[in-house]
Protein chains: 2
Amino acid sequence: MRIALDAMGTDHAPDSEVAGAVAAVEQHPDLNIVLVGDEALITGRLARFPGHDRITVVHTPDRIAPDEPPVSALRRAPRSSINLGIELHKEGEADAFVSAGSTGAVMAASQLTLRALDGVDRPTLGTPFPTARGTTLVVDSGANVDCKPQQLFQFARLGAIYMHDVAGVARPAVGLLNVGSEPLKGTESVQAAHRLLADSDLNFVGNVEGRDIIHHGCDVLVCDGFIGNILLKFYESTASFVADTMRSRLAEDGLDPRLDGLFSGFDYAEYGGVPLLGVNGVSIVCHGASSPRAIKEAVGVAKRAVDSRMVSHMARDLAAGQIGNA
Amino acid sequence: MRIALDAMGTDHAPDSEVAGAVAAVEQHPDLNIVLVGDEALITGRLARFPGHDRITVVHTPDRIAPDEPPVSALRRAPRSSINLGIELHKEGEADAFVSAGSTGAVMAASQLTLRALDGVDRPTLGTPFPTARGTTLVVDSGANVDCKPQQLFQFARLGAIYMHDVAGVARPAVGLLNVGSEPLKGTESVQAAHRLLADSDLNFVGNVEGRDIIHHGCDVLVCDGFIGNILLKFYESTASFVADTMRSRLAEDGLDPRLDGLFSGFDYAEYGGVPLLGVNGVSIVCHGASSPRAIKEAVGVAKRAVDSRMVSHMARDLAAGQIGNA
């Protein structure tokens, strides 16, 4: 098992990547990591952690900035750490790719190089949302703003396989984000997706309302990437704002309770990155502010996806779905 | 000034309504309230608060349940407290209508009886979201799931007038809910709405992302009712869940700090109900769980809408907009 890790992605690259890679190989005895990035910088950091012969380096000085337009950036820097890492995966030199760089660039390079699986119109980003009981995978969380019913249905299938294979949920409950519980609620597109889901062999639990998300209304929550992205950013910012407000008010009372970790359940970074689902490979995107721990968790997610043969399962399932719908 | 208040709306009607009405007339010396509902029940409760000759009763025993399909319920019970209250307003016997009953029934009755203003394709619900700095009015928050760009534009105009007249914001900042800051982000419909807003005389501050909402990215946040409803329910449930989690963890530490009111800033009930904007009248919907205080606040909102001549301002503005676009 060898995972290619973009060493130029986080805000403080390559420090988080190097420390995360070291932690990952320590945790997994069968894991090798290829760090892709500036060799001098990486080896300088690696020297602080001696004895890790399961970490190697593929050199490139080229980096894509988080705010560059993805497609033109990939053309400008064809030997960027993102391009090189995904090519390593494509050519079988690595079994998966993990990056905390530009989400758009990782998505575009994954689609251009790895290609979408047969039966997948549009690959999708699935973001794990912490809830009162475990995590809910929100698909799509920002890759596709306008979605047809058939695409929402594909997101559901991809998300269910991810939650089964990677999160170990035996029979993932799939919900459709909507404004009410009745099948005929919502936009025309969402109503049509409801019919596709209800007629499928998925464990479809029906519509899930905004108020049900936090109480874990389902394991896989299907929505278009417009609302998924807004919901994700709203959740992250609101949870941290509420926590900060509470902390400062308690401090006014002279109270300083052990608040560290109080909101760890809401810390997006702990959940091991965001998988790009529906491409012919394992491609995981991490937050630009990822800690070493978050990088380690994302590598662990990539490893579970490889170990479980997630991509083969998706290829088989979606190709079958396509034939069934033809 | 006379406001018709549905006395049969809350989960514990008419207790909250009667106590809220008493508090409202005590606060506003020029205010009269007509309670619409079961006279025997209402007068029984009113007897606990002697001396309020500015509260009168219009009797009806008919009530619409929160879960009835709105339009058929209005037909089934033409003398329901919602129908009667809105008719009082229509006929000039009351200057505004407030109800904590079925949102769908209040909306339907308002549109059927009061009618939409010229230039308004679809009336809209605007829900005040508490933020780090004051409130942001989210329009539409659930009345219309599929929205054309022109409708989003009308929501913006109606919301801006509401925030000016009722909330006293001198020049309300209008934002468009979107997945990025650039004008070409989002769905085709949202991009078209962006052009309409950018070319208008509104104080348009551009796209507002999910993460900007809590930090008060704008005074009026424009979105379709599908995402508005989901966002609202997600916000309410998440804020209370985070608060509950924090409380129980503090209790584990043996701490019992003064937490009452800690999250009052996030208490939807305090914000005085949800206005239905774009009809030829003042129609305010409250939460079914409204406290007497929430009812009093909603009556206060209705009073400010009447005092400020909000509906005249909307009629003038939207009719002008229609001519300009014809």
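Cut-offs and rules
Residues numbered from 1 in each chain as written. Chains lettered and ligands numbered in written order. Predicted model: local features only at pLDDT ≥ 70, side-chain atom pairs only at ≥ 80, totals over all residues. Contact = placed C-beta atoms within 7 Å. Helix = DSSP H or I, 4+ residues; strand = E, 2+ residues; numbered from the N terminus. Nonpolar A, V, L, I, M, F, W, Y, C, P; charged D, E, K, R; others polar. Buried ≥ 20, exposed ≤ 12 C-beta atoms within 10 Å, placed from the backbone. Least-squares fit on C-alpha atoms with pLDDT ≥ 70 in both. Domains from an automatic or database assignment. Core = buried A, V, L, I, M, F, W, Y, C linked by C-beta atoms within 7 Å. Pairing = 2+ DSSP bridges. Axes fitted to C-alpha atoms, helices over the stretch in contact; angles between N-to-C directions. Parallel < 35°, antiparallel > 145°, perpendicular 65-115°, else oblique. Left-handed = near helix turned anticlockwise from the far one by under 90°. Expected span 1.5 Å × (residues − 1). Right-handed = clockwise from strand over helix to strand, strands pointing away.

A closer look at the interface of chain B and chain A
- In this assembly, 37 residues from chain B lie in contact with 37 residues from chain A.
- When residues of the side of chain B that touches chain A are assigned to their parent elements, the largest contribution, 18 residues, is made by helix 8 (residues 225-252) of chain B.
- For the side of chain B that touches chain A, the class distribution of residues is 21 nonpolar, seven polar and nine charged.

Focus: unusual backbone geometry
Residue and element names in this part refer to chain A.
- Cis rather than trans, the peptide bond between Ala13 and Pro14 has omega equal to 0 degrees.
- With respect to the helices and strands, Pro14 occurs in the loop between strand 1 (2-6) and helix 1 (15-27).
- Positive phi values are uncommon outside glycine, yet Arg115 reaches one of about 75 degrees.
- Inspection of the secondary structure assignment puts Arg115 in the loop between helix 5 (103-114) and strand 5 (124-130).
- Its 14 C-beta neighbours within 10 Å are what place Arg115 among the partly exposed residues.
- Residues other than glycine seldom take positive phi values, yet His216 does so here, at roughly 60 degrees.
- Note on placement: His216 falls in the loop between strand 8 (203-208) and strand 9 (220-222).
- What makes His216 partly exposed here is the crowd of 19 C-beta atoms within 10 Å.

Notes on the relation of the copies chain B and chain A
- Note on the copies: chain B fits chain A at an RMSD of 0.0 Å, the axial shift is 0.0 Å, and the rotation between them is 180 degrees. On the angle and the small slide along the axis, the relation comes out as a two-fold axis. Taking C-alpha positions as the reference, the residue of chain B nearest the rotation axis is B:Ile227, at 3.2 Å.
- Comparing interface residues between copies, 100% of those in chain B also sit at the interface in chain A, which points to an isologous, same-surface contact.

Section: the domain arrangement of chain A
All names here are of chain A.
- In terms of domains, chain A is made up of domain 1 (1-120 + 278-308) and domain 2 (121-272).
- Between domain 1 and domain 2, the contact holds 17 residues from the first and 14 residues from the second.
- Looking at the side of domain 1 that touches domain 2, the elements that each hand over two or more residues are helix 5 and helix 9 (292-307).
- Among the residues making up the side of domain 1 that touches domain 2, the classes are represented as eight nonpolar, seven polar and two charged.

Here we look at the nonpolar core
- Ranked by size, the top nonpolar core spans 214 residues in total, and within it A:Val222 and B:Val222 carry the most contacts.
- Non-local contacts of B:Val222, meaning those with residues more than four positions away in its chain, are made with B:Val139, B:Leu152, B:Phe155, B:Ala156, B:Val174, B:Gly175, B:Leu176, B:Leu177 and B:Ala193.

Comments concerning the sheet that holds strand 5 of chain A
Residue and element names in this part refer to chain A.
- Spatially, 11 strands are ordered 3-2-1-4-11-10-5-6-9-7-8 in an open sheet, and the strand pairing comes out mixed. Since the sheet does not close on itself, it has two edges, and those belong to strand 3 (55-59) and strand 8, each with one partner. Shown here is a sheet whose adjacent strand axes are inclined to one another by a mean of 25 degrees, direction ignored.
- Sitting on the sheet, helix 2 (residues 39-46) is in contact with strand 2 (32-37) and strand 3, with an inclination near 160 degrees to strand 3.

Comments concerning the environment of B:Ala40
- Relative to the helices and strands, B:Ala40 is located in helix 2 (residues 39-46).
- Between the alpha carbons of B:Ala40 and B:Glu91 there is a distance of 25 Å; along the sequence they are 51 residues apart.

Considering the packing of helix 8 (residues 225-252) of chain A against helix 8 of chain B
- Orientation of helix 8 of chain A relative to helix 8 of chain B, taken along the N-to-C sense of each, is 30 degrees, at an axis distance of 10 Å. Here helix 8 of chain B runs roughly parallel to helix 8 of chain A, going by the angle between their axes. For the element pair helix 8 of chain A and helix 8 of chain B, the recorded crossing hand is right-handed. Mapping the contact onto sequence places A:Ile227, A:Ile230, A:Leu231, A:Phe234, A:Tyr235, A:Thr238, A:Ala239, A:Val242 and A:Met246 in helix 8 of chain A and B:Ile227, B:Ile230, B:Leu231, B:Phe234, B:Tyr235, B:Thr238, B:Ala239, B:Val242 and B:Met246 in helix 8 of chain B.
- Within the contact of helix 8 of chain A with helix 8 of chain B, the residues separate by chemical class into 16 nonpolar, two polar and no charged.

Structural notes on the sheet that holds strand 1 (residues 2-6) of chain B
All names here are of chain B.
- The mixed open sheet is built from 11 strands, whose spatial order is 3-2-1-4-11-10-5-6-9-7-8. Bordering the open sheet on either side are strand 3 (55-59) and strand 8 (203-208), each of which pairs with just one other strand. Along the sheet, successive strands turn relative to each other by an average axial angle of 25 degrees, direction set aside.
- Pairing geometry for strand 1 and strand 4 (residues 96-99), over three bridges, is parallel. Within strand 4, the position partnered with Leu5 by the bridge is Val98.
- On the sheet, helix 1 (residues 15-27) packs against strand 1, strand 2 (32-37) and strand 3 and is oriented at approximately 170 degrees with respect to strand 2.
- This element, helix 9 (residues 292-307), spans strand 1, strand 2, strand 4, strand 10 (274-277) and strand 11 (283-285) of the sheet and lies at about 160 degrees to strand 4.

As for the packing of helix 4 (residues 81-90) of chain A against helix 5 of chain A
Residues and elements named next belong to chain A.
- Their axes nearest at 10 Å, the elements helix 4 and helix 5 cross at an angle of 35 degrees. Handedness of the crossing formed by helix 4 with helix 5: right-handed. Residues Ile82, Asn83, Ile86, Glu87, His89 and Lys90 of helix 4 form the contact with helix 5, whose participating residues are Ala105, Val106, Ala109, Ser110, Thr113 and Leu114.
- Class assignment for the residues of the contact of helix 4 with helix 5 results in six nonpolar, four polar and two charged.

Let's talk about helix 1 of chain B
- Between the first and last C-alpha of helix 1 of chain B there are 18 Å, a value that for 13 residues agrees with the 18 Å anticipated at 1.5 Å per step.
- Buried-residue contacts for helix 1 of chain B involve strand 1, strand 2, helix 2, strand 3 and helix 9 of chain B.

A word on the pairing of strand 1 of chain B
- Burial of strand 1 of chain B is extensive: four of the five residues sit out of reach of the surface.
- Each parallel crossover has a hand, and the one from strand 1 of chain B via helix 1 of chain B to strand 2 of chain B is right-handed.

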